[in-house]
Amino acid sequence: DEEVFTLKAGLLNCLPTYYVMRDGETKATIRKDRMSIHKTIRVYEGEASFNPIFNTTQSECLLQLHGGMILERNTEIYKGDTDEKVAYSHEKIFDLGGLVGADNYALRIEAGTDICLVLAAMIAKDEIKDASEKAEADAAAAEEAAKAAAEVES
């Protein structure tokens, strides 16, 4: 079996950041935009470093992913900073996996597009979404615990 890529989470970043590794070398950096209506995630060439205030980098943008407003996994993927769509994912919610809570989606990738890079970006997007959902659930649980503790004290 040949390893096509490894996805590593960045540990000391203020925004969710992942690195696509091949043969021990960082081939791309995947990072969520700080603020975006479409929950944009960008894929940059190499190990990109970012300005902590403006979230900008000198690295070339290879792909940008725009999530759907309702179904986040309905994602349009564009080449670099252009409006040339090179891939699209569509969430499959009415098949067996979707009905039991599994993440299922179809992915269409145009010829000439780096398939591994698109797959890595979609995996990173899932990780970012799952981490966000977990953080929201943890915050809600902490709030409920604080309310319960306040009721016990009064």
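Here the structure is shown first, and the text comes after it.
Per-chain numbering applies: the sequence of each chain, read as written, is numbered from 1 onward. Under the rules for a predicted model, residues below a pLDDT of 70 receive no local features and side-chain atom pairs below 80 are neither given nor counted, while totals for whole chains, interfaces and linings still include all residues. Hydrogens and waters are ignored; side-chain quantities use all the structure's heavy atoms.

(A) Representation of the overall build of the chain within the structure. Numbered from the N terminus, helices here are DSSP runs of H or I no shorter than four residues, and strands are runs of E no shorter than two. From N to C terminus, the chain includes two helices and eight strands. The order of helices and strands in the chain, counted from the N terminus, is β-β-β-β-β-β-β-α-β-α. Relative accessibility under 20% of the residue-type maximum defines a buried residue, over 50% an exposed one, and the middle range a partly exposed one, all with a 1.4 Å probe and only protein chains included. Residues classed as buried in the chain amount to 34% of the 154 residues present. Should any heavy atoms of two residues lie within 4.5 Å, those residues are counted as being in contact. A sequence separation of at least 24 residues applies to 27% of the contacts in the chain between residues at least 6 apart. Counting only carbon and sulfur atoms, one obtains 54% of the accessible surface of the chain, whose full area is about 9900 Å². Only the protein chains shown count as cover for residues, and the accessible areas themselves come from Shrake-Rupley with a 1.4 Å probe.

(B) Region of interest: the nonpolar core. By convention a nonpolar core is built from buried Ala, Val, Leu, Ile, Met, Phe, Trp, Tyr and Cys residues, the set being connected through side-chain atoms within 4.5 Å. Counting residues in hydrophobic clusters, the biggest one holds 20 residues, and the most contacted among them are Val20, Ile30, Val43, Leu63, Leu65, Ile77 and Leu117. Among all residues touching Leu63, those that are not within four sequence positions of it are Ile41, Arg42, Val43, Ile77, Tyr78, Lys79, Gly80, Val86, Leu117 and Val118.

(C) Structural detail: the environment of Tyr18. Assignment of secondary structure puts Tyr18 in strand S2 (residues 17-22). Judged by relative accessible area, which is 12%, Tyr18 ranks as buried. Distance from Tyr18 to Ile30, taken between C-alpha atoms, is 5.0 Å for residues twelve residues apart in sequence.

(D) A look at the packing of aromatic side chains. Think of it this way: a Phe, Tyr or Trp ring, Trp meaning its six-membered ring, pairs with another when their centres are within 6.5 Å, and the plane angle makes it stacked under 30 degrees, edge-to-face over 60, tilted otherwise. Counted under the stated rule, the structure contains one aromatic pair. Centroid distance Tyr44 to Phe50: 5.4 Å. Interplanar angle 75°. Geometry classified as edge-to-face. No difference in accessibility class separates Tyr44 from Phe50, as the two residues are buried. We count a charge as sitting over a ring when the NZ of a lysine or the CZ of an arginine lies within 6 Å of the ring centre and within 35 degrees of the ring normal. Its guanidinium or amino end placed over the ring of Phe50, Arg31 lies 4.1 Å from that ring's centre, counting from NZ or CZ.

(E) Seen up close, the environment of Asp23. Along the chain, the position of Asp23 falls in the loop between S2 and strand S3 (25-32). Overall, Asp23 belongs to the exposed group, its relative accessible area being 81%.

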